[in-house]
Amino acid sequence: MQSGRDVLSRAIRGQRSRLIAGSLLGAGHQAGEALVPVLVGLAIDQAVAGASWSRLLVWLAVLAVVYFGLSFSYRFGARAGERAATEAAHDLRSAIVARVLHPGGGADRDRLPGELTGIATEDARRVGMVLLAVLTGIAGFTGLAVASVVLLTTSVQLGLIVLVGTPALLWLGHLLSKPLERRSAVEQESAAHASGVAADLVSGLRVLKGLGAEQAAVERYRHTSRTSLAATLRAARAEALQNGVVIALTGAFIALLALAGGTLAANGTITLGQLVSAVGLALFLQGPLYMLAWVNTELAQGRASAARVAALLSAPPAVTGTGTELPAQVKGALRLRGVTHGGLRELDLDIVAGELVGVAATDPAAATALLHCLGRHGDPESGTIELDGVPLREVDPALLRQAVLVAEHDAVLFEGTVADNGGTPEALDAAGAADLSPETPVGERGGSLSGGQRQRVALARALDARRPVLVLHDPTSAVDAVTEARIAESVRRLRHGQTTVVVTTSPALLSAADRVLLLDGGRVADDASHADLLQRNADYRKAVLA
Amino acid sequence: MKDLLPTATPARARAAVREIIRPHRAVAAAGFGLLIVATSVGLLVQPLLGYVVDLVAGRQPATLLTTPVALLVLVGVVQGLLTSWGLVLVARFGETALAELRERFVERALSLPLERVERAGSGDLTSRVTGDVARVAEAVRSALPALARSLLSIVLTLVAMAVLDWRFMVAALLAIPVQLHTGRWYVRNAVPLYAAQRVATGEQQQQLLDTLAGATTVRSLRAEADHLARVDGRSRAAVELTMRGVHLMLRFYSRLHIGEYIGLAAVLAAGVLLVGEGAVTVGTATAAALYFLNLFGPINTALALLDDAQAATASLARLIGVADVAATETPRPAHGDGVSVRGLGHAYEPGRPVLHGVDLEIEPGKRVALVGPSGAGKTTLAKIVAGVHEPTTGTVRAPAGIAMVTQEVHVFAGPLADDLRLASPQATDADLRAALATVEALEWAEALPDGLATVVGQGGHRLTGAQRQQLALARLVLTDPALAVLDEATAEAGSTGARTLERAVEQAIDGRTALIVAHRLTQAASADRVVVMDGGRVVEDGSHDDLRQAGGRYAGHWAAWTRHHAHDDQ
């Protein structure tokens, strides 16, 4: 079990050299930025006040060196930091996807695809941002330190005023804005809701058009949009007020500084240039302090994201193996004994190697449970399943799936062409999809194809995989009767001599099977050919005939 | 090649923005006016600090400091108040205009002909609704006020420097050519780069969703390595584009540093010159230097916002492009309760017709089933009859109230009752229950965690495929159309659920004229007439019994179906 801290420290270790280089350069940049107001103060004191061109040239040269240094360090420091952040996020993204796709499964059990995608993008990015935040934090502290040293060596009193006053100012601003921030967060959520509603209505455009409900949808959106506008305006008022308060506080602080610095300078405790530097540094100090506040938020968010990533990465696998090998040539004999799982009750079932068997279930839940166990997405609550005498529980799930393919009813197509998804022309032909050009793009999740086309391409893909054992689930529910009959024939021809199980209630497919098992009450209730079952079993007739 | 939805020209976009802004002119003027006054008041800080310097340089007693210090406090308070007020007004102006823009956009988007949207790919419209609206909103919300305040600061600071002495302003302006050139260079490079970056990020997101949502299928097919490589490739591409953007931005800041240095050096040199001439005091020179140091922030902000502004402008053009599409849908003249189709032809792409010379009559109250292999043109014909597509040639006459239900069902996010009320906004709870009962969905709907108030759709309670279909049929019942068009409305349910849905369909279309695209022939057998299509033509048309005896294609279909249903059919 790994924690969020492990994820963070691994990310930091993985980008160590970039992080060190970036931190050093970032510190150099902040030191340079702190020196600029100091140098301007010195130039005014020594060159401008005395109207001396030669001194001016000296100070301008010093300023040029500092500018070059700070610009260079900023450019290459920030570059190293950004690279470290994006690379760490990328590595994490790959690790997350690898974990989800791991043959043992288990990571996607309680998480919806949208949530998984969110973890692989937003959370991975936030963990990466922690690296940039660490680097920025180091740079910010350096700026703070340089400014402090300069101020305290100028005048302890003035230095203390600036060093205590600036953070106090920011803290006060933060305190005042806290309730406003909370309110604005709630209201921003309502604004995001409006955009969600719009996207939802557009994705349901076909349904709206079909019903002629466009006007009702527009009215609904207008209502949401107006509610959201009112919320946004409340949030904007809160934010504007916060802005105003910060401006007023800053003004008061500068006034205080002018009073203290002016008094010290009037007493001759500090020089004119030091006064100018102090005012400049007070303005500069806000930069590093804002940076540190940003670092703080990023770290908090990064920790939360790292915890989510860690939970995903260390999710226990749904199935494992104990290293038992399958025979080199899998014959494909399946044997189930006392299997209880989902809709299955103490199911005993034997399938001879090379058989084409139909399985008709009166309860869809029993069919789903059977497929779940055969594909080893989970192991049965009790009972054993053996392939060629080897218990499935002991076989590495990846090796098992080289031998057994369970083609689920809701299998998805992936972005690409029909050929990318469905394999060879021969397989497409067997699945009754010869009318589809192999170059046709299937679109996102097969969205460019009709339901029937999607199903036939998925069937072709399953046939093309040529596994010793093939389990098909309702492969033709969206296919017309003539094509369905043709498909039944070609499945029979193509899978000749190889174990094939078709879980369906479609008579066309069941009639092509060597024999048919009727699953009722979670166990095998009858076992004969389709024709015989039709003749003798009323439950079967009810299950398969419309 | 996808035929994307239109994008407005820059001139048209400007005109549309002016049109939207016009009613809010007064608020906008007041808001920006207040910000101008606030910024001007804020610029009194530097001369006041300069005055403090002069008092010190002139060896005046420390008690004289009270007046400038009190004034500094006053300046802060007044500036804070005015800024708050100005920002509130600017937000009211921007947000109201934005709300009007997005409402107008959504209204137009929903009234676009479906065919047009499909030609562009559904992603085009969705990305405009989400991405572009968000980008424009972001610009209005943060970039617009920040840009306004920065520009005001820059202009008014330069004016203030000129007030100190015109030569200070000239010195400050020496930095302008570098900054302007840098800004233009940046925008020129950033706009295409960020556009490419958005595309790459979108592709990465799409690939992740594709792979992660299909994880079970990926594992079943042992395609893990392939999918990992796909995700890695997309992610790598997005990383490299992000880094190119970072490099560009950092080079941008490097160049701005040069500008800063030139300006600072020039202002200090002007100080030496003017103090030497006795034209200004050291305090004034200090004020000028402080002014210039304070310019860095606003200038960097303004230049960095240039690409936000560019991106928002591009998004705005894409929104206005859609909002400007003329509503091409001309309502078809209503015609009794029956359907009459004459010489219908249709091509989605020129030169590739999918329907040829189709004639179809449906008498009021009768039910016609469309049968034929995939790709025969059944769905296209159904969509044209439903008025969703405009035919390329031929005429269609149909009744006024039409509702179509397809196998693509969408559940609208929100309470179940709200979803149903899209079909009939005035429906009472009793109406909703009655409609659900008609399609045998009332039982499960009431068993949901919060009954009809249960939040369904994206992010809500997940409904099964069959439940979604029943919901679609319940909407049809609520619409109470004269003509119901159903396209394989029972396909997704698997064979067991299909029978429940068939009953639901029967009850939903009871008493209506109906056109049903059927792949389960039981639906054809119970229709008043069966129309068989193949290759975009009607090949047979008659009653179930007549066609069965005619020995044509339908008889073939029926034979394939009944070979397995022999016992039941007798």
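Basis of the calculations
- Residues numbered from 1 in each chain as written.
- Chains lettered and ligands numbered in written order.
- Predicted model: local features only at pLDDT ≥ 70, side-chain atom pairs only at ≥ 80, totals over all residues.
- Heavy atoms only, no water.
- UniProt positions renumbered as here; feature names shortened; annotations may be inferred.
- Pairing = 2+ DSSP bridges.
- Helix = DSSP H or I, 4+ residues; strand = E, 2+ residues; numbered from the N terminus.
- Axes fitted to C-alpha atoms, helices over the stretch in contact; angles between N-to-C directions.
- Contact = heavy atoms within 4.5 Å.
- 1 Å grid on protein atoms, 1.4 Å probe; cavity = no way out; pocket = protein on both sides within 12 Å on 5 of 7 lines; lining within 4 Å.
- Points joined across faces, edges and corners; volume = space filled by probe spheres on them.
- Parallel < 35°, antiparallel > 145°, perpendicular 65-115°, else oblique.
- Left-handed = near helix turned anticlockwise from the far one by under 90°.
- Buried < 20%, exposed > 50% of the residue type's maximum accessible area, 1.4 Å probe, protein only.
- Salt bridge = Lys/Arg side-chain N within 4 Å of Asp/Glu carboxyl O.
- Buried area = accessible area lost by both parts, 1.4 Å probe.
- Polar contact = N/O pair within 3.5 Å; in protein donor to acceptor, adjacent residues only side chain to side chain.
- Nonpolar A, V, L, I, M, F, W, Y, C, P; charged D, E, K, R; others polar.

Per an unreviewed UniProt entry, the recorded name for chain B is ATP-binding cassette subfamily C protein, and the organism is Nonomuraea endophytica. Quoted straight from UniProt, the Subcellular location (unreviewed entry) entry for chain B says "Cell membrane".

Chain A carries the name Putative ABC transport system ATP-binding protein in an unreviewed UniProt entry, which gives Nonomuraea endophytica as its organism. In its Subcellular location (unreviewed entry) section, UniProt records this for chain A: "Cell membrane".

1. Overview of the sheet that holds strand β2 (residues 352–362) of chain B
Residue and element names in this part refer to chain B. In spatial order, the strands read β2-β1-β4; together these three strands make up an open sheet with antiparallel pairing. Across the chains shown, the open sheet's two edge strands, defined by having one partner strand only, are β2 and β4 (393–397). Ignoring strand direction, the axes of neighbouring strands in this sheet form an average angle of 30 degrees. Lying over the sheet, helix α12 (residues 378–385) contacts β1 (339–349), β2 and β4, oriented at roughly 120 degrees with respect to β1.

2. So, empty space enclosed by the protein
The tally for this structure, following the rule as stated, stands at eleven cavities of 30 Å³ or more. In this structure, the second largest cavity occupies an estimated 140 Å³ of space. The wall of the second largest cavity is formed by 14 residues, among which Arg206, Val207 and Gly210 of chain A together with Met404 and Thr406 of chain B lie closest to the centre. Put simply, the parts of the chain that give the lining of the second largest cavity at least two residues each are α6 (205–211) of chain A together with β5 (402–405) and α16 (465–479) of chain B. Sorting elements by how many residues they give to the lining of the second largest cavity places α6 of chain A first, with four residues.

3. Some remarks on the packing of helix α3 (residues 45–57) of chain B against helix α4 (residues 66–111) of chain B
Residue and element names in this part refer to chain B. Relative orientation of the contacting elements α3 and α4 amounts to 170 degrees, with a least axis distance of 10 Å. Judged by the angle between their axes, α3 and α4 are roughly antiparallel. When you trace α3 past α4, the crossing you get is left-handed. For the pair formed by α3 and α4, the contact residues are Val45, Leu48, Leu49, Tyr51, Val52 and Leu55 on the first element and Pro68, Leu71, Leu72 and Val75 on the second.

4. Regarding α12 of chain B
α12 of chain B sits mainly inside the fold: seven of its eight residues count as buried. Once α12 of chain B finishes, Gly387 of chain B follows within two positions and takes phi at roughly 85 degrees, a positive value.

5. Examining the pairing of β5 of chain B
Residue and element names in this part refer to chain B. Going residue by residue along β5, you find Ile402 and Met404 tucked away on one face and Ala403 and Val405 tucked away on the opposite face as well. Sheet topology note: the β5/strand β8 (residues 483–487) ladder contains four bridges and is parallel. From the neighbouring strand, Ile402 faces β8, where its bridge partner is Leu483.

6. Examining the sheet that holds strand β3 (residues 356–361) of chain A
All names here are of chain A. One open sheet holds the six strands; their spatial order is β6-β7-β8-β3-β9-β10, and the pairing between them is mixed. The open sheet has two free edges, formed respectively by β6 (404–407) and β10 (523–528), since each of these has just one partner strand. For this sheet, the mean inter-axis angle between neighbouring strands, taken without regard to orientation, is 20 degrees. Note: strand β9 (residues 515–520) against β10, five bridges, orientation antiparallel. Opposite Asp520, over in β10, you have Arg523 as the bridge partner. The strands touched by helix α9 (residues 364–374) within the sheet are β3, β6, β7 (469–473), β8 (499–503) and β9, with β7 carrying the most contacts at an inclination of about 150 degrees.

7. What to know about the side chain of Ser254 of chain B
Looking at the secondary structure, you find Ser254 of chain B in helix α10 (residues 224–277). With relative accessibility at 12%, the residue Ser254 of chain B sits in the buried group. Other than its neighbours up to four places away in sequence, Ser254 of chain B contacts Ser71 and Arg75 of chain A.

8. Structural notes on the pattern of salt bridges
One pass over the structure, following the stated rule, counts 39 salt bridges over all chains. In this structure, the salt-bridge partner of Arg83 of chain A is Glu87 of chain A, at a minimum N-O distance of 2.8 Å. You can see Arg83 of chain A and its partner Glu87 of chain A sitting in helix α3 (residues 53–101), four residues apart, about one turn around the helix. By the burial criterion, Arg83 of chain A is buried, and Glu87 of chain A matches it. Between Lys209 of chain A and Glu214 of chain A there is a salt bridge whose closest N-O contact spans 3.5 Å. Across the pair, exposure class does not vary: Lys209 of chain A and Glu214 of chain A are buried alike. The network of salt bridges with shared partners includes Arg83 and Glu87 of chain A together with Arg236 and Glu240 of chain B.

9. Side note on the interface of chain B and chain A
Listed by partner, the interface residues are 141 residues for chain B and 142 residues for chain A. Taken over both partners, the interface formed by chain B and chain A buries close to 12,400 Å², and the fraction arising from carbon and sulfur atoms is 67%. On inspection of chain B and its partner chain A, the count reaches six salt bridges. In this structure, Arg222 of chain A engages Glu107 of chain B in a salt bridge whose closest nitrogen and oxygen atoms are separated by 3.1 Å. Taken together, the links from chain B to chain A amount to 28 residue pairs in polar contact (both at pLDDT 80 or more). Ranked by residue count, the leading element in the side of chain B that touches chain A is α10 of chain B, at 30 residues. Along the lines of polarity and charge, the residues of the side of chain B that touches chain A split into 68 nonpolar, 42 polar and 31 charged.

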